[in-house]
Amino acid sequence: KDMACLVSRSGREFQRYNNMGGRQVVGCIPYRYKEDKDGNTSDELEVLVVSSQKGQGLMFPKGGWELDESVEEAACRESLEEAGVLGIIERELGQWNFISKRYGIYYEGHMFPMLVKEQLDMWPEKNHRKRIWMTVAEAREVCQHWWMKEALDILVQRIMSSQLRKNDIAMANS
């Protein structure tokens, strides 16, 4: 039950590129609401970061968008491969162009939020990465990619405005 039966995809033969020749990558911000010691869900957000493959820095799961999948499927796959989580992929946070440190060319990055429903004990990259739940402030501090930090800010704004709307509706109905 707690094991994902798949191996991480590797290689570039099915990789998508944009019309400028830049690799298209998809990232995901896995999140959940913190529980108190009694198991009650709070409004406090936690996000899941993973270590880079070389173990140097922390970031959100991301990887290449492949020809045989939708952008949402790619976000879901990367979260499973790199972080071992399953959940609901929500509306895209945005698209960023950034320079690949390794190749010095522009990449196109898409970011999605994932409301985590299940965390697996075994997953494809378990032996290559650490995963750490942390607060939004901590993640903002440690995440090594500026475009992922911007996506995190958009997610927080989206959730806060959604909570405000719920509170307004509750107040109007009371």
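Look above for the structure.
Since the model is a prediction, treat every value here as computed from it, not as a measurement.

Q: Break down the overall build of the protein chain for me, citing the residues and quoting the values.
A: For the protein chain, the helix and strand inventory stands at three helices and eight strands. Relative to its 174 residues, the protein chain shows a buried fraction of 44%. Long-range contacts, defined as pairs at least 24 residues apart, comprise 69% of the intrachain contacts of the protein chain with a sequence gap of at least 6.

Q: Please provide a residue-by-residue account of the state of the cysteines, values included.
A: In a disulfide, the sulfur atoms of two cysteines are held together by a covalent bond. Evaluation of the coordinates by the stated rule reveals zero disulfides. We note that Cys28 lacks a disulfide partner, and the nearest cysteine sulfur, in Cys76, lies 7.5 Å from it. Its relative accessible area of 0% is what places Cys28 among the buried residues. The class for Cys76 is partly exposed, based on a relative accessible area of 27%.

Q: Break down the pairing of strand 2 (residues 41–51) for me, citing the residues and quoting the values.
A: Bridge count for strand 1 (residues 24–35) against strand 2 is four bridges, and the pairing is antiparallel. Within the sheet, the bridge partner assigned to Tyr31 lies in strand 2 and is Val47. Sheet topology places strand 2 next to strand 8 (residues 131–135); five bridges connect them, and they run antiparallel. Bridge pairing in strand 8 places Val49 opposite Ile132. Looking at chain direction, strand 2 and strand 3 (residues 58–59) are connected through two bridges and run antiparallel. If you follow Ser51 over to strand 3, its bridge partner there is Leu58.

Q: Help me get a handle on the packing of aromatic side chains, residues and values and all.
A: Taken as a whole and assessed by the stated rule, the structure comprises three aromatic pairs. Ring plane angle 65° and centroid distance 5.8 Å describe the contact between Phe98 and Tyr107, whose orientation is recorded as edge-to-face. Relative accessible area serves as the criterion here: at 7%, Phe98 is assigned to the buried category. On the accessibility criterion, Tyr107 (8% relative accessible area) is buried. With centroids separated by 4.3 Å and ring planes inclined at 10°, the aromatic side chains of Phe98 and Trp147 adopt a geometry described as stacked. In this pair, Phe98 is assigned in strand 6 (residues 94–99) and Trp147 in helix 3 (residues 146–173), connecting sequence segments 49 residues apart. Between Arg32 and the ring centre of Trp133, over which it is positioned, the NZ or CZ distance is 3.8 Å.

Q: Summarise helix 1 (residues 71–83); cite the residues concerned and give the values.
A: Taking 1.5 Å of rise per residue, 13 residues should cover 18 Å, and helix 1 covers 18 Å from first to last C-alpha, within 8% of that figure. Here helix 1 lies mainly inside the structure; ten of its 13 residues are buried. For helix 1, the set of buried residues is Val71, Ala74, Ala75, Arg77, Glu78, Ser79, Leu80, Glu81, Glu82 and Ala83. Where helix 1 terminates, the next one or two residues include Gly84, which has phi positive at roughly 70°.

Q: Could you give me a rundown of the nonpolar core, with the residues and numbers involved?
A: If you look at the biggest cluster of nonpolar residues, it comprises 40 residues, and the most contacted ones within it are Ile29, Val47, Phe60, Met111 and Leu152. Looking at this core element by element, the count peaks at seven residues for helix 3. Excluding residues that lie within four positions of it along the chain, Leu152 makes contacts with Ile29, Val47, Phe60, Val136, Ala139 and Arg140.

Q: Go over the side chain of Gln15 with me, naming the residues and quoting the values.
A: You can see Gln15 is positioned in the segment before strand 1. Within the local environment of Gln15, its side chain forms a polar contact with the backbone oxygen of Gln24, the two atoms lying 2.9 Å apart. Separated by 3.3 Å, the side chain of Gln15 and the backbone oxygen of Trp65 make a polar contact. Residues within four places of Gln15 in sequence aside, it is in contact with Arg23, Gln24, Gly64, Trp65 and Leu67.

Rules used in this analysis
Residues numbered from 1 in each chain as written. Predicted model: local features only at pLDDT ≥ 70, side-chain atom pairs only at ≥ 80, totals over all residues. Heavy atoms only, no water. Helix = DSSP H or I, 4+ residues; strand = E, 2+ residues; numbered from the N terminus. Buried < 20%, exposed > 50% of the residue type's maximum accessible area, 1.4 Å probe, protein only. Contact = heavy atoms within 4.5 Å. Disulfide = S-S within 2.5 Å. Pairing = 2+ DSSP bridges. Phe/Tyr/Trp six-rings, centres within 6.5 Å; stacked < 30°, edge-to-face > 60°. Lys NZ or Arg CZ within 6 Å of the ring centre and 35° of its normal. Expected span 1.5 Å × (residues − 1). Core = buried A, V, L, I, M, F, W, Y, C linked by side-chain atoms within 4.5 Å. Polar contact = N/O pair within 3.5 Å; in protein donor to acceptor, adjacent residues only side chain to side chain.

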